[in-house]
Amino acid sequence: MAPRRKADQSDQPPKKICTDCTNIDKNQLSPMYKHYVEVKEQYPNALLLYRVGDFFECFFQDAVTISRELELVQTSKEGGKELGRIAMTGVPHHALDRYSTMLVEKGYAVAICDQVEDASVAVAEKRMVRREIQKLLTPGTLTDDGMLTARRNNFLAAVVIAGEHWGLAYADISTGEFFTTQSSDLSNLTLELLRLQPSEVLIPTNAPDINGLLRPGEQSEYLADCLPNSFCYSLRSQKSFTLIEASQRLKDTFGVTSLEGMGCSNLPLGVRAAGGLLEYVEDTQKAYQVPLQPLKTYSLADYLVLDHQSRRNLEITQTVRDGTFYGSLLWALDRTATAMGGRALRRWLLQPLIDIKGITARQDTIAELVDNTPVREDLRAMLKKIYDIERLSGRVGSGTANARDLLALGESLIRLTDLSAIASYGTSPYLKAIQKVPPELEQLGNFIIDNLVESPPQHIKDGGLIRGGINSQLDEMRQRLEDDRQWLTNLEVTERERTGVSNLKVGYNKTFGYYISMPRSKAEQAPDNYQRKQTLTNEERYITSELKEKETRILTAKDDLNNLEYEIFTQLREKVAEKASEIRQIAKAVAAIDVLAGLAEIAVYQNYCRPEIFEGREIFILEGRHPVVEQSLGDGFFVPNSTNLGCKDAKFCVSTEENNPDLIILTGPNASGKSCYLRQVGLIQLIAQIGSFVPATEAKLAICDRIFTRVGAVDDLATGQSTFMVEMNETANILNHGTAQSLVLLDEIGRGTATFDGLSIAWSVAEYLATEIQARTIFATHYHELNELASILTNVANYQVMVKEMADKIIFLHQVIPGGASKSYGIEAGRLAGLPPTVIKRAKQVMGQIEKHSKIALGLRTNIQQRKPIANNNGNGNKGDFIEQLDIFAD
Ligand SMILES: Nc1ncnc2c1ncn2[C@@H]1O[C@H](COP(=O)(O)OP(=O)(O)OP(=O)(O)O)[C@@H](O)[C@H]1O
């Protein structure tokens, strides 16, 4: 028999809990809830965290959201007769940063409504404690250390689109960097946003939901197609993005009468984006003014173009396979000592230069540091002692720095002088830049250290921050407090003597304050002026009027002391804030020298050479190595390979020099090293254009305008594209945007479709690249038929990755040599991977059949001959002997 259920509370219908505050009569609410709802009405799109005692609490719908997102228990609080219970989720006030960071990372805006007065004042006046919004946290406007990634910028971007033209502004509020640009072609806007990976993008709209925040992946009719949906978007009113308002805001903020000095008077869309961004920063920072550096303009044409796929394929900041930092180019090259240097190196790698002067300046500095080991080592040792002065000065400027921040800044400022002394001998541009540390920064550093105690507490309102001898009033107050405390210490001795009770004690608790305690057995020895306050099992507790008087003095003196310390501290912080922009200037120079000293260190220990950089088309690398694979394999295991690409005469593309083609067809068995070689050439070119030395014995590298890669094949499920369509899109992009100055790296084009279609496309793409675009190209393929191209196009050459064939296995030599591979060893690779012997045997039979019945007839499209003379050096004397139509696999 089933057990009978006992009638209990769970049989009652659950009490309805109110989760919607949008349509309620506020007059029915208690003053606190009424205020909560009023604040929420001002910030409908943010989660409102409202200070109640030691907690930040959320009510109504926000309570449900926070409970779900943070996996916190949702409870409820009584909301009055009409409403019943109101949904509530709270977090302890000391854990606010952690929880709000988690919410912001999930793409929410968080409004922090904190108490702005001492609760005891409100209690004394019998009214509600005053609370105000202190911060609006959004993904792009974070400044707190614990919410940011040290070695990565946190960019806030703003976009204005007008037809095919666009303006983009971006800023890192924590470091003050502020840039704008303007260009045409919306695909360039997509590329630029993907490079920046902004945490939040502002877009002007006429959406009804102004100030709404679209979380990554959220759809909206207000998002233009060119805006990647992997970012957070804030929908803003168009007003602040109008040219008049935006220009005025920029002028007012930076105290200028014209935008000409900032170089953006002829960039109306860039100005509009920048103005809209500034307004948003003002709007979100509330209590804290964030000083941004004067706006700088830039042009996309100033940098090597790397599209999103190429950045991903070259694994610049993370690996393709599992998205980790370990195994990326940044991992292999980052020897920076400071967080500022780490951020700068990341920026450099994502934005290599095309200006030879800029590259040479960096190379000169690395060369100087490579040659001078003691200076390099001293410099790096000193850099390790310098904190993130870029972000610290930002927090000082915005009034959010605590005493520890200020002390870290002070110590770093003093070390800047030492850094500059170490660099004093240098003649290269970046070493010279750090020789110019203004002397007042060192004075400021000393001033901070003279004012603050050695290890100040985290909180700045609890005292214990300022050294003695700094402020006479503070010293006097401390002395008085000390005297009173001493009186308390002495009290125990004197009262023991007076009462004759040897174990009499003076104690303190929160409820009664100071008291005198004696064993109950000795209670009759208590003098007349003792007033009994509490009786415990074995103890009696007393107060005296003198003791209470001292207690009041001690407690008020402590409050006064804390307030005075806070005041002195904020004055000190303001004094330092006046120098914030100078500090940020020098921080830039420190970051750059940190990157270059790290690159010099790599150059020495990994044996890199200084590449010769010039205008032209040649890419010559003697014994190049893959910078990441080399480090993963360990010393001596990587097999170096040389590269020689790029015709001498770009106009006719008829290089007579052997092995100096525009396009290399690279064949070789699976796992022989084709992809590695391909990426190696791309990475060497890329790091050469950030000014670094490169992993090779010798290198002469012409500047590239773009590096394109098409590597591997992955479905793009997010956009619903198949593997093959992704591959074709990427290939189309290369063919439509590549130039003779580009470097194109193609790995296995045409594999995602039927073999014949794939081969046909691969052939046609290679032919187009070699003849029409004449880009420097490496084309790795398993279609050995493509080797035939070299016999009809003089700017195409065949290379193969060597393997040694043994009786029962193949040995990978990883050596790239001229000539085309004749076999793929794909079946052998399958055998090594563990395919069953029956499958392997059958595969060999099938291959035999296919080989017997297929052949390829060769030729080029006829119109190539008319457009460009291509010499035929296939040695058969059939110069220019083309057939009309490419004819593959004719039987
Ligand atoms: N030059 C080299 N020296 C030493 N090891 C190498 C070298 N090149 C490649 N390797 C090693 O060989 C492995 C396979 O290389 P890679 O992926 O480039 O082969 P692949 O020819 O592109 O193969 P598949 O055709 O199957 O894609 C690499 O992970 C690396 O460890």
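Residues numbered from 1 in each chain as written. Predicted model: local features only at pLDDT ≥ 70, side-chain atom pairs only at ≥ 80, totals over all residues.

Enquirer: Before we go on, may I ask you to explain the overall build of the chain in this structure?
Expert: Secondary structure summary: the chain contains 27 helices and 31 strands in total. Along the longest, intermediate and shortest principal axes, the C-alpha atoms of the chain span 125 × 90 × 65 Å. Counting every position in the chain, which comprises 891 residues, the buried fraction comes to 40%. Long-range contacts, defined as pairs at least 24 residues apart, comprise 69% of the intrachain contacts of the chain with a sequence gap of at least 6. (Helix = DSSP H or I, 4+ residues; strand = E, 2+ residues; numbered from the N terminus. Buried ≥ 20, exposed ≤ 12 C-beta atoms within 10 Å, placed from the backbone. Contact = placed C-beta atoms within 7 Å.)

Enquirer: Teacher, can you tell me more about the UniProt feature "binding site: ATP" (unreviewed entry) in the chain here?
Expert: Per the UniProt record, "binding site: ATP" (unreviewed entry) is found at G668, P669, N670, A671, S672, G673, K674 and S675. Checked against the element boundaries, P669 lands in the loop between β23 (663-667) and α21 (674-689). Positionally, S675 belongs in helix α21. Once you skip the residues sitting within four places of it in the chain, S675 turns out to touch V711, D747 and A780. (UniProt positions renumbered as here; feature names shortened; annotations may be inferred.)

Enquirer: I tried to follow the site of the ligand on my own but got confused; where do I start?
Expert: Lining the immediate surroundings of the ligand are 15 residues, of which N670, G673, S675, C676 and H814 lie closest. Sorting the residues of the shell around the ligand by element identifies α20 (627-633) and α21 as the ones contributing at least two each. The residue inventory of the shell around the ligand, partitioned by class, reads 7 nonpolar, 7 polar and 1 charged. (Near = placed C-beta within 6 Å. Nonpolar A, V, L, I, M, F, W, Y, C, P; charged D, E, K, R; others polar.)

Enquirer: Looking at this model, I keep getting lost on the domain arrangement of the chain. Mind explaining?
Expert: Where interface size is quoted, it is often the accessible area lost as the parts come together. Taken domain by domain, the chain holds domain 1 (15-137), domain 2 (149-302), domain 3 (334-377 + 401-414 + 426-604) and domain 4 (612-823 + 855-888). Domain 2 and domain 3 are separated by 37 Å when their C-alpha centres are compared. Counting from both sides, the interface comprises 9 residues of domain 2 and, opposite them, 12 residues of domain 3. In terms of residue class, the side of domain 2 that touches domain 3 is built from 2 nonpolar, 3 polar and 4 charged. (Domains from an automatic or database assignment.)

Enquirer: Mind showing me how you'd approach the sheet that holds strand β17 (residues 513-519) here?
Expert: Picture the strands of a sheet paired through backbone hydrogen bonds; they go either parallel or antiparallel. Taken together, 4 strands build an open sheet; the order of strands is β16-β17-β19-β18 and the sheet is antiparallel. The sheet terminates laterally at β16 (505-509) and β18 (531-535), the two strands that pair on one side only. For this sheet the average axis-to-axis angle between neighbouring strands, irrespective of direction, equals 40°. Pairing analysis gives 5 bridges linking β16 to β17, with the strands arranged antiparallel. Considered in β17, the bridge of K505 is made with S517. Across the sheet, helix α17 (residues 472-499) is in contact with β16 and β17; its angle to β16 comes to roughly 140°. (Pairing = 2+ DSSP bridges. Axes fitted to C-alpha atoms, helices over the stretch in contact; angles between N-to-C directions.)

Enquirer: So what exactly am I meant to see when it comes to the environment of V256 here?
Expert: Its place among the elements puts V256 in the loop between α6 (243-254) and α7 (268-285). Taking the C-beta count within 10 Å as the criterion, V256 has 14 such neighbours and is therefore assigned partly exposed. Remark: the alpha-carbon pair of V256 and M802, spanning 546 residues in sequence, is separated by 65 Å. For V256, the residues in contact, after removing those within four places along its chain, are K251 and G261.

Enquirer: Help me out: how do you make sense of the packing of helix α12 (residues 373-383) against helix α14 (residues 403-422) in this one?
Expert: Axis angle and axis distance: for two packed helices, these are the angle between their axes and the distance between the axes, and together they describe the pair. In the contact formed by α12 and α14, the axes pass within 10 Å of each other and the chain directions differ by 170°. In this view, α12 runs roughly antiparallel relative to α14, as classed from their interaxial angle. From α12, V375, D378, L379 and M382 reach across to α14, where they touch R415, D418, L419 and I422. When the residues that make up the contact of α12 with α14 are grouped by side-chain class, the tally is 5 nonpolar, no polar and 3 charged. (Parallel < 35°, antiparallel > 145°, perpendicular 65-115°, else oblique.)

Enquirer: Got a minute to help me understand the environment of K809 in this structure?
Expert: When you line up the elements, K809 lands in the loop between β28 (796-805) and β29 (810-818). On the basis of neighbour count, K809 is assigned to the exposed category, with 11 C-beta atoms found within 10 Å. C-alpha separation for the pair K809 and A421, spaced 388 residues apart in sequence, amounts to 61 Å.

Enquirer: Which parts of the structure should I look at to understand the confidence of the model for the chain?
Expert: Any region with low pLDDT has predicted coordinates that should not be read closely. For the chain, per-residue confidence averages 86 on the pLDDT scale, and residues scoring 70 or more make up 90% of the total. Note on residues 649-657: pLDDT is under 50 here. Beyond four places in sequence and across chains, it has 17 contacts. Within the model, the stretch residues 865-891 combines pLDDT values under 50 with 41 contacts to residues more than four positions away or in other chains. Among the prediction metrics, the complex's ipTM stands at 0.95, with pTM recorded as 0.84. (pLDDT = per-residue confidence, 0-100.)

Enquirer: How should unusual backbone geometry be read in this particular structure?
Expert: Where the residue is not glycine, phi is negative for most of them; where a peptide bond is considered, it is trans in most cases. A positive phi angle, close to 50°, is found at E623, a residue other than glycine. Of note in the backbone geometry, Q774 takes a positive phi value of approximately 55° without being a glycine. Relative to the assigned elements, Q774 resides in the loop between α23 (755-773) and β27 (776-780).

Enquirer: Help me understand the sheet that holds β29 in this model?
Expert: Read across the open sheet, the 7 strands follow the order β15-β25-β26-β27-β23-β28-β29; overall the sheet is mixed. Two strands lie at the open edges of the sheet, namely β15 (305-306) and β29, each paired on one side alone. Where β28 and β29 come together, 7 bridges link them in antiparallel fashion. Along β29, the bridge assignment pairs V801 with V816. Relative to strand β26 (residues 743-747), α21 is tilted by about 160°, and along the sheet it contacts β23, β25 (706-710), β26, β27, β28 and β29. Contacts from helix α22 (residues 723-737) reach β25 and β26, with the element oriented near 155° to β25.

Enquirer: Could you clarify how one ought to interpret α7 in this entry?
Expert: Each α-helix winds once per 3.6 residues, and so residues spaced three or four apart point in a common direction. Between its first and last C-alpha atoms α7 spans 26 Å; for 18 residues at 1.5 Å apiece the expected length is 26 Å, and the two agree. Of all the 18 residues making up α7, 14 are buried; the element is thus mostly covered by neighbouring parts of the structure. (Expected span 1.5 Å × (residues − 1).)

Enquirer: Explanation requested: the packing of helix α13 (residues 389-397) against helix α19 (residues 580-605) in the structure shown.
Expert: The interhelical angle for the contact between α13 and α19, taken along N-to-C directions, is 170°, at an axis separation of 9 Å. By the angle between their axes, α13 is roughly antiparallel relative to α19. In this structure, α13 contributes I389, E390, S393, V396 and G397 to the contact, and α19 contributes A580, I583, R584 and A587. Its residues assigned to classes, the contact of α13 with α19 shows 5 nonpolar, 2 polar and 2 charged.

Enquirer: In this structure, what is going on with the nonpolar core? I would like to understand it.
Expert: Proteins that are soluble and globular tend to have nonpolar side chains buried together. Residues L406, I593, L596 and A766 are the most contacted members of the largest nonpolar core, which totals 126 residues. Looking at which element gives the most residues to this core, the answer is α19, with 16 residues. Residues from two domains meet in this core; each of domain 3 (334-377 + 401-414 + 426-604) and domain 4 (612-823 + 855-888) gives at least three. Leave out the neighbours within four places in its chain, and L596 touches R362, T365, I366, L369 and Y430. V160, L269, L278 and L292 belong to the second-largest nonpolar core, a separate cluster that totals 42 residues. (Core = buried A, V, L, I, M, F, W, Y, C linked by C-beta atoms within 7 Å.)

Enquirer: Where do I start with helix α3 (residues 96-105) in this structure?
Expert: Every buried residue of α3 is accounted for by S100, L103 and V104. For α3, the angular spread of the buried residues around the axis is 100°, confining them to a single face. Those residues of α3 hidden inside the fold are in contact with β2 (46-52), α2 (60-70), β6 (109-115) and β7 (131-137). Note on α3: the residue one or two positions beyond its end, G107, has a positive phi of about 95°. (Arc of directions from axis to C-beta.)

Enquirer: Help me understand the pairing of strand β8 (residues 155-162), please; the structure alone is not making it clear to me.
Expert: Consecutive residues of a regular strand have side chains that alternate between opposite faces of the sheet. With 6 of 8 residues buried, β8 lies mostly within the body of the structure. Sheet topology places β8 next to strand β9 (residues 165-172); 8 bridges connect them, and they run antiparallel. Bridge assignment links V160 to a residue of β9, and that residue is G167. In this antiparallel pair of consecutive strands, β8 and β9, the connection spans 2 residues, and G163 shows a positive phi of 65°. Of the strand pairs in this sheet, β8 and strand β11 (residues 200-205) are connected by 3 bridges, and their pairing is parallel.

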